[in-house]
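Commentary on secondary and tertiary structure
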Protein chains: 2
Amino acid sequence: MHRVPSAISYTINKLEEDLGVELFERSRHKAELTAIGHLVLEQGRKILTAAEELTTQARQAADGWEVQLRICIESILSCDAIYDLIEEFQKIQPKTEIRLSEK
Amino acid sequence: MHRVPSAISYTINKLEEDLGVELFERSRHKAELTAIGHLVLEQGRKILTAAEELTTQARQAADGWEVQLRICIESILSCDAIYDLIEEFQKIQPKTEIRLSEK
DNA sequence: AACGTTTACGTCACGCGTAACTATT
DNA sequence: AATAGTTACGCGTGACGTAAACGTT
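Residues numbered from 1 in each chain as written. Chains lettered and ligands numbered in written order. Predicted model: local features only at pLDDT ≥ 70, side-chain atom pairs only at ≥ 80, totals over all residues. Heavy atoms only, no water.

Moving on to the pattern of salt bridges. Residues and elements named next belong to chain A. Overall, the coordinates contain four salt bridges over all chains when judged by the stated rule. Among the salt bridges present, the one from Lys14 reaches Asp18, with a minimum N-O distance of 2.9 Å. Taken together, the residues Lys14 and Asp18, both in helix 1 (residues 5–19) and four residues apart, mark about one turn of the helix. For Lys14, a relative accessible area of 40% translates into the label partly exposed. (Salt bridge = Lys/Arg side-chain N within 4 Å of Asp/Glu carboxyl O. Helix = DSSP H or I, 4+ residues; strand = E, 2+ residues; numbered from the N terminus. Buried < 20%, exposed > 50% of the residue type's maximum accessible area, 1.4 Å probe, protein only.)

Turning next to the relation of the copies chain B and chain A. For the pair chain B and chain A, the relating rotation is 180°, the translation along its axis is 0.1 Å, and the fit reaches an RMSD of 0.2 Å. In short, the pair behaves as if placed about a two-fold rotation axis. By C-alpha distance to the rotation axis, the residue of chain B lying nearest is B:Ile47, at 3.2 Å. (Least-squares fit on C-alpha atoms with pLDDT ≥ 70 in both.)

This part takes up the UniProt feature "domain: HTH lysR-type" (unreviewed entry) in chain A. In the numbering used here, UniProt assigns the "domain: HTH lysR-type" (unreviewed entry) feature to residues 1–34 of chain A. In residues 1–34 of chain A, the share of helix is 44% and the share of strand is 12%. The end C-alpha atoms are 26 Å apart. (UniProt positions renumbered as here; feature names shortened; annotations may be inferred.)

With that settled, the discussion passes to the protein's contact with DNA strand C. Near DNA strand C you find 17 residues, and of these A:Ser6, A:Tyr10, B:Ser6, B:Ser9 and B:Arg26 are the closest. Each atom of DNA strand C within 4 Å of the protein was assigned to sugar, phosphate or base; sugar and phosphate come to 62%. Between DNA strand C and the protein, one listed contact pairs a phosphate oxygen with a side-chain N or O atom of A:Arg3 at 3.3 Å. Between B:Ser9 and DNA strand C, the recorded distance is 2.6 Å, taken from a side-chain N or O atom to a phosphate oxygen. Elements supplying a minimum of two residues to the surface near DNA strand C: helix 1 of chain A together with helix 1 (5–19) of chain B. Element by element, the count of residues in the surface near DNA strand C is highest for helix 1 of chain A, at five residues. Considered class by class, the residues forming the surface near DNA strand C number five nonpolar, eight polar and four charged. (Near = heavy atom within 4 Å. Polar contact = N/O pair within 3.5 Å; in protein donor to acceptor, adjacent residues only side chain to side chain. Nonpolar A, V, L, I, M, F, W, Y, C, P; charged D, E, K, R; others polar.)

What follows covers helix 1 of chain A. With 15 residues, helix 1 of chain A ought to run about 21 Å at 1.5 Å a step, and its terminal C-alpha atoms sit 21 Å apart, in line with that. Looking at the residues trailing helix 1 of chain A, positive phi occurs at A:Gly20, about 70°. (Expected span 1.5 Å × (residues − 1).)

With that out of the way, let us pick up the packing of helix 2 (residues 35–62) of chain A against helix 2 (residues 35–62) of chain B. Where helix 2 of chain A contacts helix 2 of chain B, the two axes come as close as 10 Å, and the packing angle between them is 175°. Here helix 2 of chain A is positioned roughly antiparallel relative to helix 2 of chain B, judged by the angle of their axes. (Axes fitted to C-alpha atoms, helices over the stretch in contact; angles between N-to-C directions. Parallel < 35°, antiparallel > 145°, perpendicular 65-115°, else oblique.)

Pasting the structure below:
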């Protein structure tokens, strides 16, 4: 997955052209991200992460497991049993996200 | 942007293969989305929307406008002037999202 | 027969790497 | 001289459309 400089240059130029937006400040020697460049980078990373999470979620679900497990308990009292259960569950299915909320 | 059936078939197959997940139930004549297929479709749409929003945000920002404008006002009293201002602002820059919060 | 989908195949564009070049420190 | 970036160029592959085949209703 290592990309050679010219490939990066090409990709950046194309992206800038497609967007019609300057992503890098090239007045100096070392090119630096513009303000918009930072915006695109940050948000772009979030989008990529979301995409990656989606693929892992899809694959997990294909294995027959739910993606999330939302547990809502009424009382704060005697949660110990539940914590134990969660612990046990995580051992056999560590990939499933558990969201625990009280009240 | 219209894609021919075979192109769609190709794309779907590749996606399923890359994910290692069945997205369509093909036992019947008309192919139908599996449960995971629905998940991928819904989440995928969200991701695409986010990507599109990012490009419009980038282009807007390039035009010299902030993407969001967050206004926080102290008192609930006499907000009318602000509402008028917002109304005026929206006329000249309808693309900028305004988030108004009180207290 | 009509519809929905897949398979086979040829084509073209796009993204990449190699290599050479330019400019800044 | 070394570093950072771009430009020129050729190549491979991957996504597409055309066309044909297949299976279901």
